[in-house]
Amino acid sequence: ATFPRPRTARKIRGTVDNFTTFPDEEVRGELSGQHLRLFPGKVLFHNIEPGKQYQTTIMIHNISIASRKVRVYPPKLKLFEIRNYEGIPPIAPGLDALLEVRFYWNGAGAEDGKPVHFEDELVVACEDEVLRLPLVAKAPAPMLVFDGFCAFGQVARGRTEIRYVSVVNEGAAAAV
């Protein structure tokens, strides 16, 4: 059986200061096991800036027919903080528990000018099952988008044909 995703969890990602939406390709899917389903299937904070705090909510849904005791093991990096993970009561069938994931970076390690990228994982265990939820935070980066198709038609040998391709930077940082 497939369960519909909650509308709020699918659409919202943001900072404490302002909320923005996830791009669709980052939200698709959840992380499922035999007893539990985690939504979203990956936590991704885009365009992080030093000194700002980012947060999102993780849903742990019990898809089995019995109540399940869940243990959550926080990430190793102290930049990611998990709230409400200690003392989660057993989750009844069909119900869920919510965890809050926060990310805060003070800017350390960004002096060399390279884009920063942080990865870790949140481990959710339930009896004989272990789910590993990826946690990713990325600094602003360029994202060049262009149409991969450029038709030249038939070009005679020795002739030169010119076509123009539009390249757009949809990223949050300048392309150099």
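Everything below is about the structure printed above this text.
The structure contained in this document is the topic of the report that follows. Everything quoted here is computed from the prediction, not taken from an experiment. (Residues numbered from 1 in each chain as written. Predicted model: local features only at pLDDT ≥ 70, side-chain atom pairs only at ≥ 80, totals over all residues. Heavy atoms only, no water.)

## A look at the overall build of the chain
Rule in force here: We count a stretch as a helix when DSSP gives it H or I for four or more residues in a row; a strand needs E for two or more, and each element gets its number in order from the N terminus. Type-normalised accessible area, obtained with a 1.4 Å probe on protein chains alone, sets the label of each residue: buried when under 20%, exposed when over 50%, and partly exposed for intermediate values. Contact criterion: two residues are considered in contact whenever any of their non-hydrogen atoms come within 4.5 Å of each other.
Scanning the chain from N- to C-terminus turns up two helices and 13 strands. Burial analysis of the chain (176 residues in total) assigns 32% to the buried set. The contacts in the chain between residues at least 6 apart in sequence include a share of 61% that link residues at least 24 apart.

## A short note on the pairing of strand E6 (residues 53-62)
Definition in use: Strands are labelled as partners when DSSP assigns at least two bridges between them.
Counting buried positions along E6 yields eight of 10 residues, so the element is predominantly enclosed. Where strand E4 (residues 36-39) lies against E6, four bridges are found, and the strand directions are antiparallel. Across the sheet, Leu38 pairs through a bridge with Ile60, a residue of E6. Across nine bridges, E6 lies against strand E9 (residues 96-104) in antiparallel orientation.

## Observations concerning the pattern of salt bridges
To be explicit about the condition: By definition, a salt bridge exists where a carboxyl oxygen of Asp or Glu is found within 4 Å of a side-chain nitrogen of Lys or Arg.
All told, the structure shown has seven salt bridges when counted by the stated rule. The shortest N-O distance in the salt bridge between Glu81 and Arg83 comes to 3.1 Å. With a relative accessible area of 34%, Arg83 lands in the partly exposed category. Linking Glu100 and Arg102 is a salt bridge whose minimum nitrogen-to-oxygen distance equals 2.6 Å. Note on accessibility: Glu100 and Arg102 belong to one class, buried.

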